[in-house]
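Architecture at a glance
Spelled out from the first residue to the last, the chains are:
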Amino acid sequence: MKTLMTPWRMEHVEGKAEKISGCLFEPPGTASFDKNLLLLYRDHANVVLLNRFPYTNGHLLIAPIRHIACITELTSPEQAELMEMVTKATQILREQLQADGFNVGCNLGKVAGAGIADHLHFHIVPRWEDDHNFMTVLAEVRTIPEHILKTFDKLLPPFQELLADTNN
Ligand SMILES: [Zn+2]
């Protein structure tokens, strides 16, 4: 289960990728998307990012805007909006990537495997009937059949449509 050929990962390792200062889940600015940051969606409540180190193609990260570490710190409205976002993102992955199933969850605390432990985030990992990965969810990088930026381009329109719906 070693890292396989993932061009974007190499870029990162070599230090050429854009360095993000501050918290990954608080992208600078107010834009509703940013390809350099792999930010697919931002509204008043949540951000959706493509994972730069995905376990499968289309692996999403969904976080509340507020910098909190644990689900126990969410207010009731935040809980509702976060779960709604997870639900909508799952539907988009099903439609756009023809995913057959999903691993959805979060790691709370470093001891539980959280890469970024101080800002709560959900993982949505799409799965396919014929994918050969026997899941070690949220564990190690696997082969990615499609370049991450192509996936970004495919997922951006439906996420931006969601935003239009939210604002209306
Ligand atoms: Zn944060």
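Small disclaimer: the values here were computed from a predicted structure and weren't measured.

**Focus: the coordination of the zinc ion**
Coordination of the zinc ion by the protein is provided by Cys 23 (SG), Glu 26 (OE), His 67 (ND1) and His 119 (ND1), with metal-donor distances spanning 1.9 to 2.3 Å. Here the zinc ion binds 4 donor atoms, and the angle range of 93 to 122° at the metal identifies the geometry as tetrahedral. In the primary structure, the donors to the zinc ion are separated according to the pattern C-x2-E-x40-H-x51-H. Taken as a pair, Glu 26 in the loop between helix H1 (7–13) and strand S1 (39–42) and His 67 in the loop between strand S3 (60–64) and helix H2 (76–97) lie far apart in primary sequence, 41 residues in all.

**Structural notes on H2**
In a regular helix each residue adds 1.5 Å, so 22 residues correspond to 32 Å; H2 covers 31 Å between its end C-alpha atoms and thus fits that length. Taken from the residues just after H2, Gln 98 is the one with a positive phi, measuring 50°.

**Observations regarding the environment of Ile 124**
Along the chain, Ile 124 turns up in strand S5 (residues 122–127). Considered as a pair, Ile 124 and Leu 61 are 63 residues apart in the sequence and their alpha carbons are 6.5 Å apart.

**Topic: the packing of aromatic side chains**
Remark: the centre distance and the inter-plane angle together describe each pair of aromatic rings, the angle taken between the planes. With the rule as written, the count across this model stands at 1 aromatic pair. Seen from their ring centres, Tyr 41 and Phe 159 are 6.2 Å apart, and the 55° between their planes marks the pair as tilted. Of this pair, Tyr 41 sits in strand S1 while Phe 159 sits in helix H3 (residues 148–167), and the two are 118 residues apart along the sequence. The residues Tyr 41 and Phe 159 share a single accessibility class, namely buried.

**Examining the sheet that holds S5**
Within a beta sheet, neighbouring strands are joined by backbone hydrogen bonds and run either parallel or antiparallel to one another. The strand order across the open sheet built from 5 strands is S1-S2-S3-S5-S4, with neighbouring strands paired in antiparallel fashion. Lying at the two open borders of the sheet, with one neighbouring strand each, are S1 and strand S4 (101–105). Here the average twist between neighbouring strands, direction ignored, is 15°.

**Here's the deal with the pattern of salt bridges**
Taken as a whole, this structure holds 3 salt bridges when the rule is applied. The salt bridge involving Lys 88 is made with Glu 84; its shortest N-O contact spans 3.1 Å. Taken together, the residues Lys 88 and Glu 84, both in helix H2 and 4 residues apart, mark about one turn of the helix. Overall, Lys 88 belongs to the partly exposed group, its relative accessible area being 30%.

**Some thoughts on the state of the cysteines**
Tallying each qualifying case throughout the model produces 0 disulfides. No disulfide involves Cys 70; its sulfur sits 7.9 Å from that of Cys 106, the nearest cysteine.

**What about unusual backbone geometry?**
Even without a glycine there, the phi angle at Leu 38 is positive, about 60°. Along the chain, Leu 38 falls in the loop between H1 and S1. A positive phi is found at Gln 98, a non-glycine position, where the angle reads about 50°. The topology assignment puts Gln 98 in the loop between H2 and S4.

Procedures and definitions
Residues numbered from 1 in each chain as written. Predicted model: local features only at pLDDT ≥ 70, side-chain atom pairs only at ≥ 80, totals over all residues. Heavy atoms only, no water. Donors = N, O, S within 2.8 Å, 3.2 Å for Na, K, Ca; no water. Tetrahedral: all angles 85-135°; square planar, octahedral: opposite > 155°, others 65-115°. Helix = DSSP H or I, 4+ residues; strand = E, 2+ residues; numbered from the N terminus. Expected span 1.5 Å × (residues − 1). Phe/Tyr/Trp six-rings, centres within 6.5 Å; stacked < 30°, edge-to-face > 60°. Buried < 20%, exposed > 50% of the residue type's maximum accessible area, 1.4 Å probe, protein only. Pairing = 2+ DSSP bridges. Axes fitted to C-alpha atoms, helices over the stretch in contact; angles between N-to-C directions. Salt bridge = Lys/Arg side-chain N within 4 Å of Asp/Glu carboxyl O. Disulfide = S-S within 2.5 Å.

These figures come from the coordinates and say nothing about function on their own.
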